[in-house]
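The residues making up each chain are set out below.
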Amino acid sequence: MADIQKVTQATFKEVVTESDKPVLVDFWAEWCRPCHMMNPALEELAEEFDGKAVIAKVNVDEERGLGAMFQIMSIPALFIFKDGEKVEEFVGVQPKDTLKAKLESFI
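Everything numeric here is computed off the predicted structure, so don't read it as measured data. (Residues numbered from 1 in each chain as written. Predicted model: local features only at pLDDT ≥ 70, side-chain atom pairs only at ≥ 80, totals over all residues. Heavy atoms only, no water.)

1. Observations concerning the UniProt feature "active site" (unreviewed entry) in the protein chain
Definition in use: UniProt positions are given in the numbering used here, feature names are shortened, and annotations may be inferred rather than shown by experiment. In this analysis, two residues are considered to be in contact whenever any of their non-hydrogen atoms come within 4.5 Å of each other. Numbering of helices and strands starts at the N terminus; helices are DSSP runs of H or I of at least 4 residues and strands are runs of E of at least 2. Relative accessible area decides the class of each residue, using a 1.4 Å probe on protein chains only: under 20% of the type maximum gives buried, over 50% gives exposed, and in between gives partly exposed.
The sites that carry the UniProt feature "active site" (unreviewed entry) are, in the present numbering, C32 and C35. Apart from residues lying up to four places away in sequence, C32 is in contact with I75 and P76. With respect to the helices, strands and loops of the structure, C35 is situated in helix 2 (residues 33-48). By relative accessible area, which is 0% here, C35 ends up buried. Among residues more than four places away in sequence, those in contact with C35 are W28, A29, I75 and P76.

2. Remarks on the UniProt feature "site: Deprotonates C-terminal active site Cys" (unreviewed entry) in the protein chain
Our working rule: The term polar contact refers here to a pair of N or O atoms within 3.5 Å; inside protein, the definition further demands a hydrogen-donor-capable atom paired with an acceptor-capable atom, and it admits residues adjacent in sequence only when both atoms are side-chain atoms.
UniProt's feature table lists "site: Deprotonates C-terminal active site Cys" (unreviewed entry) at D26, given in the numbering used throughout. If we skip the residues at most four places from it in the chain, D26 touches L42, A56, K57, V58, P76, A77 and L78. In this structure the side chain of D26 is engaged in a polar contact, spanning 2.8 Å, whose partner is the side chain of K57.

3. So, the pairing of strand 3 (residues 54-59)
Residues in a regular strand project their side chains so that they alternate between the two faces of the sheet. For clarity, the cut-off: By this definition, two strands are paired if DSSP reports at least two bridges between them. When the strands point away from the viewer and the connection leading from the first strand across the helix to the second strand turns clockwise, the crossover is called right-handed.
Extensive coverage of strand 3 is indicated by the burial of six of its six residues. Side-chain alternation along strand 3 places V54, A56 and V58 on one buried face and I55, K57 and N59 on a second face that is also buried. Where strand 1 (residues 5-6) meets strand 3, two bridges bridge the pair, whose relative direction is parallel. Across the sheet, residue Q5 finds its bridge partner in strand 3, namely A56. Sheet topology places strand 2 (residues 23-28) next to strand 3; six bridges connect them, and they run parallel. In the strand pairing of strand 3, V25 is matched with A56. The handedness of the strand 2 to strand 3 crossover, carried by helix 2, is right-handed.

4. Focus on the state of the cysteines
Inclusion rule: Note that a disulfide, as used here, is simply two cysteine sulfur atoms within 2.5 Å.
Enumeration over the complete set of coordinates arrives at one disulfide. Between the sulfur of C32 and that of C35 lies a disulfide, 2.3 Å long from S to S. Linking C32 and C35, the disulfide has an S-S dihedral of approximately 80° and is accordingly described as right-handed. Judged on exposure class, the residue C32 and its partner C35 are both buried.

5. Description of helix 2
Where we set the bar: Each residue is assigned a bend, namely the angle between axes fitted to the seven residues that terminate at it and the seven residues that start at it.
Remark: the principal bend of helix 2, roughly 35°, maps to N39, with a proline, P40, within the next four residues. Buried within helix 2 we find C35, M38, N39, A41, L42, L45 and A46. Contact partners of the buried residues in helix 2: strand 2, strand 3, strand 4 (77-82) and helix 4 (96-105).

Here it is, written out as structure tokens:
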């Protein structure tokens, strides 16, 4: 089973910017109900893209520096990174198919 990577300030560079695969990063918080609504879709994407893309989560309450760096104003915020650069951004709950299609376009 593919895991969703928990990303911290200390691991962001290694997991996200240095990845040779596209990375979907979910900026979320424990208290955010819409964020929890995204979990099933993210888990399915982690399975479907195992070995082809990375699915990661950043808890903005625990990682305020990353939230500030990416100017997260509203969550869930989902960013896709490719070759270390942010190439796509979504705010709010997104359909799994939307995220899947975008991820596929960067593989």
